[in-house]
Number of protein chains: 2
Amino acid sequence: MDFKEELKIRANYAEEIIKKYMPEEVGYQKTIMEAMNYSLSSGGKRLRPVLTLEACRIVGGDTDNAIPFAAAIEMIHTYSLIHDDLPALDNDDLRRGRATNHKVFGEAMAILAGDALLNFAYETMLKESIGKENPERYLRATYEIAKGAGIYGMVGGQVVDVQSENMQIPKEKLDYIHENKTAAMMVGCMRAGAAIGGADEKQMELITDYANKIGLAFQIVDDILDIVGDEAKLGKHVGSDIENNKSTYPSLMGLEKSREIATELIEDAKRSISKVTDDTGFLDGLADYILSRDH
Amino acid sequence: MDFKEELKIRANYAEEIIKKYMPEEVGYQKTIMEAMNYSLSSGGKRLRPVLTLEACRIVGGDTDNAIPFAAAIEMIHTYSLIHDDLPALDNDDLRRGRATNHKVFGEAMAILAGDALLNFAYETMLKESIGKENPERYLRATYEIAKGAGIYGMVGGQVVDVQSENMQIPKEKLDYIHENKTAAMMVGCMRAGAAIGGADEKQMELITDYANKIGLAFQIVDDILDIVGDEAKLGKHVGSDIENNKSTYPSLMGLEKSREIATELIEDAKRSISKVTDDTGFLDGLADYILSRDH
């Protein structure tokens, strides 16, 4: 099957999973459920849950066991977007063509909806894991998500990103931001899926390398598209990095060198994953897609 | 030993545990660690970690296994205070006599520090539970905390509290707020400790009843102290509920009836816990202290 067709099917499946785990909008606290679900259902590529399920599958696991984790990962991703958009942070009014959470529900509710989504992710992962065989796998999987999302992962990267606005920073610091803000959650969600599937340490290492490298390439391509991308296809304004004097791979080493580095990362990622399984069709396709995407 | 002496010893022990689990202030993301630790180390009664350890002990568990949970519970409590104090919520400049987090680190960092503390709580609970005997107990314990902290617990209560500002609400809704905003985390932290200690379902129920009732009494006493309390002892302004036209037990049914209800809750709580163990000295003392406290 064509890769894009396959990705669409898997993303739609992830979409169904997310819907299934959304909190029901009832009770005195109904408004917070509405605020959570408003942002949870606002689309996106759904790459992270797809990665979780695939990491579980390639190590021979039953992907049904990873389903609550696939939903939870999008809850964490969504909370980080809601808080990023707040007036005190990026102060964005629009995301994916819709009003941002605080524009619809007010700032207080948006802060609480983000908090609620982060916490509900853990509630979702843990609740259904109780009573299953191999409980230590679910402890480990939930920990991998927590690590990827936290101060030694996504939040750590966000903080340094916020503090690096409007200044040129060295490549080492930029790599720290990319590795933590973007790649750490991809690593976390693949390691979680692999843990649930019963991966051994060698498989874990190789999957980590794949996830980290596609994450880094993803961010470099994002920064390239901010210069050469098509606004209509991207669905967002381009050129904002240059306007904000933001350090990026293209600003530090030029477009061509940035493309070269992204290409190398993708080749390395594919090499690592080929050592885990022969059945690498989807993950190879995904790596190539990250490199060649125009939106 | 005198109860107050015993409580002090246990609260100091909780303080040591919290210190031990604070993130080290190093790396590019140092500022967020500083912001987290600033609020984590700002004192408080530390009742929640004390309750977790005691719930584990009375069901015959090894309290050492509950130590990371004791630290994590204060991280969650602290995150909720940081976000509560934000300009979009209560807009408080002072807490326990110190500048609030956003006053010291700015609003963006305070939002991220709250997020980071909530997530770090899960990282802390899960990390050390991996590899231990009875992994299903730790899954269950972490779930109990998540439930107590989330939309069917603390966050749910906060949302309805925020939405009920400056209006009179019926007793049923006020009970919902108390049960969720205040009691749910006490229930969560005692159930977590009990789960780690290997409690059976009957013990769980009785401990839940104790925790819920001391939580409700705690909130009623808080509201009574806001009317009759001594500002110097409380370390905060009294009379704010009346100024803000806030619904409370005293406003709905008078001071005397409120005291009666709190007293009944405490008696019921002690009755429940006496069915779990004969060794109820500390928890009886704690229940009485919640009723008779003047700050």
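Above this text sits the structure in question.
What counts and what doesn't
Residues numbered from 1 in each chain as written. Chains lettered and ligands numbered in written order. Predicted model: local features only at pLDDT ≥ 70, side-chain atom pairs only at ≥ 80, totals over all residues. Heavy atoms only, no water. Helix = DSSP H or I, 4+ residues; strand = E, 2+ residues; numbered from the N terminus. Rg over C-alpha atoms; globule rule 2.2 N^0.38 Å. Buried < 20%, exposed > 50% of the residue type's maximum accessible area, 1.4 Å probe, protein only. Phe/Tyr/Trp six-rings, centres within 6.5 Å; stacked < 30°, edge-to-face > 60°. Lys NZ or Arg CZ within 6 Å of the ring centre and 35° of its normal. Core = buried A, V, L, I, M, F, W, Y, C linked by side-chain atoms within 4.5 Å. Contact = heavy atoms within 4.5 Å. Axes fitted to C-alpha atoms, helices over the stretch in contact; angles between N-to-C directions. Parallel < 35°, antiparallel > 145°, perpendicular 65-115°, else oblique. Nonpolar A, V, L, I, M, F, W, Y, C, P; charged D, E, K, R; others polar. Left-handed = near helix turned anticlockwise from the far one by under 90°. Least-squares fit on C-alpha atoms with pLDDT ≥ 70 in both. Buried area = accessible area lost by both parts, 1.4 Å probe. Polar contact = N/O pair within 3.5 Å; in protein donor to acceptor, adjacent residues only side chain to side chain. Expected span 1.5 Å × (residues − 1). Salt bridge = Lys/Arg side-chain N within 4 Å of Asp/Glu carboxyl O. Patch = residues over 30% accessible without salt bridge, like charges linked within 9 Å, V, L, I, M, F, W, Y side chains within 5 Å. Areas by Shrake-Rupley, 256 points an atom, 1.4 Å probe, with all protein chains shown as cover. Disulfide = S-S within 2.5 Å.

**A look at the overall build of chain A**
Tallying secondary structure elements over chain A gives 15 helices and two strands in all. The C-alpha radius of gyration of chain A comes to 19 Å, within 12% of the 19 Å expected for a compact globule of 295 residues. Taken along the three principal axes of its C-alpha coordinates, chain A extends 50 × 50 × 35 Å. Here chain A holds 295 residues, and the buried ones make up 59% of them.

**Section: the packing of aromatic side chains**
Within this structure, the stated rule accounts for 13 aromatic pairs over all chains. Aromatic side chains Y122(A) and Y122(B) sit 4.0 Å apart centroid to centroid with 5° between the ring planes, which places their arrangement in the stacked category. Taken together, the positions of Y122(A) in helix α6 (residues 107-129) and Y122(B) in helix α6 (residues 107-129) put the pair across two chains. Accessibility expressed as a relative area gives 0% for Y122(A), which makes it buried. Put simply, the rings of F3(A), F282(A) and Y289(A) touch in pairs and so form one group of aromatic residues. Its guanidinium or amino end placed over the ring of F282(B), R10(B) lies 3.9 Å from that ring's centre, counting from NZ or CZ. Geometry around Y38(B) places R98(B) over its ring, the cationic atom sitting 4.1 Å from the centre.

**Section: the nonpolar core**
Within the largest apolar cluster, 205 residues are counted, with the highest numbers of intra-cluster contacts made by I32(A) and I32(B). Look past the residues within four positions of I32(A) in its chain and what remains in contact with it is M109(A), L112(A), A113(A), A116(A), I151(B), V155(B) and V159(B).

**A word on the packing of helix α7 (residues 135-149) of chain A against helix α9 (residues 171-196) of chain A**
All names here are of chain A. For the pair α7 and α9, the least separation of the axes is 8 Å and the interaxial angle reads 180°. By the criterion of interaxial angle, the relationship of α7 to α9 is roughly antiparallel. Contact residues: α7 offers R137, Y138, R140, A141, E144, I145, G148 and A149, while α9 offers A184, M185, G188, C189, R191, A192, A195 and I196. Split into classes, the residues belonging to the contact of α7 with α9 amount to 10 nonpolar, two polar and four charged.

**Quick notes on the packing of helix α4 (residues 67-85) of chain B against helix α7 (residues 135-149) of chain B**
Residues and elements named next belong to chain B. Running from N to C, α4 and α7 cross one another at 15°; their axes reach a closest spacing of 11 Å. Classified by the angle their axes make, α4 and α7 are roughly parallel. Along this stretch, α4 crosses α7, giving a crossing that reads as right-handed. Of α7, the residues touching α4 (which contributes F69, I73 and I76) are Y138, A141, T142, I145 and A149.

**Brief notes about the relation of the copies chain A and chain B**
Think of it as a corkscrew move, a rotation about one axis and a shift along it, taking one chain copy to the other. With an axial shift of 0.0 Å and an RMSD of 0.0 Å, the rotation relating chain A to chain B amounts to 180°. Taken together, the rotation and translation describe the operation of a two-fold axis. Taken as a fraction of all interface residues of chain A, those also at the interface in chain B reach 100%, which identifies the copy contact as same-surface.

**Some thoughts on the environment of E136(A)**
Residue and element names in this part refer to chain A. When you line up the elements, E136 lands in helix α7. Note on E136: relative accessible area 37%, which makes it partly exposed. For E136 and A195, which are 59 residues apart along the polypeptide, the C-alpha to C-alpha distance reads 9.2 Å.

**Describing the interface of chain A and chain B**
Across the boundary between the two partners, chain A contributes 52 residues, which contact 52 residues of chain B. Between chain A and chain B lies a buried interface of about 4800 Å² when both sides are counted; carbon and sulfur atoms form 74% of it. Contact with chain B buries surface across chain A, with Y28(A), L139(A) and I151(A) losing the most and accounting together for 17% of the total. Taken together, chain A and chain B are joined by 14 residue pairs in polar contact (both at pLDDT 80 or more).

**Things to note about α6(B)**
All names here are of chain B. For α6, spanning 23 residues, the distance from its first C-alpha to its last is 34 Å, which sits close to the expected 33 Å at 1.5 Å a residue. In terms of burial, α6 is largely enclosed, as 20 of its 23 residues are buried. Where α6 terminates, the next one or two residues include G131, which has phi positive at roughly 90°.

**Overview of the pattern of salt bridges**
Inspection of the entire model under this criterion finds 44 salt bridges over all chains. A salt bridge links E15(A) to R46(A); the nearest nitrogen and oxygen atoms lie 2.8 Å apart. Here E15(A), found in helix α1 (residues 3-21), pairs with R46(A), found in the loop between α2 (30-40) and α3 (47-58); they are 31 residues apart in sequence, far enough to count as distant. Taking the shortest distance from any N to any O, the salt bridge between R10(B) and E6(B) comes out at 2.7 Å. Placement of the pair is R10(B) and E6(B) together in helix α1 (residues 3-21), with a separation of four residues, close to one helical turn. As far as the burial class goes, R10(B) and E6(B) line up, both buried. Here the salt bridges do not stand alone but share partners, grouping E6(A), R10(A), E54(A), R57(A) and D279(A) into one network.

**Some details on a nonpolar patch on the surface**
All names here are of chain A. Taken together, I227, V228 and I242 make up a surface patch of nonpolar side chains, about 270 Å² in accessible area. With respect to the helices and strands, I227 occurs in helix α10 (residues 201-228). Using a relative accessible area of 36% as the deciding quantity, one classes I227 as partly exposed.

**Brief notes about unusual backbone geometry**
Even without glycine at this site, R46(A) takes up a positive phi of about 60°. Using a relative accessible area of 3% as the deciding quantity, one classes R46(A) as buried. Of note, N166(B) is a non-glycine position whose phi angle comes to about 55°, a positive value. Examined against the element boundaries, N166(B) turns out to sit in the loop between α8 (154-163) and α9 (171-196).

**Regarding α7(B)**
Side chains three or four residues apart in an α-helix point the same way, a direct result of the helix having 3.6 residues per turn. Over its 15 residues, α7(B) runs 22 Å from end to end, which matches the ideal 21 Å to within 8%, given 1.5 Å per residue. Across the 15 residues that make up α7(B), a large majority, 11, are buried. Of the positions making up α7(B), those classed as buried are P135(B), Y138(B), L139(B), A141(B), T142(B), Y143(B), E144(B), I145(B), A146(B), G148(B) and A149(B). Packing partners of the buried residues in α7(B) comprise α6 and α7 of chain A together with α4, α6, α8 and α9 of chain B.

**A look at the environment of L252(B)**
Residues and elements named next belong to chain B. As for its position among the elements, L252 is in helix α13 (residues 249-253). Each C-alpha atom, one on L252 and one on D223, is 11 Å from the other, the two residues being 29 residues apart in sequence. In this structure L252 touches Q168, I169, P170, K171 and L174, once residues within four positions along its chain are discounted.

**Thoughts on the state of the cysteines**
Tallied over the entire structure, the rule returns zero disulfides over all chains. Distance from the sulfur of C189(A), which forms no disulfide, to the nearest cysteine sulfur (C56(A)) is 12 Å.

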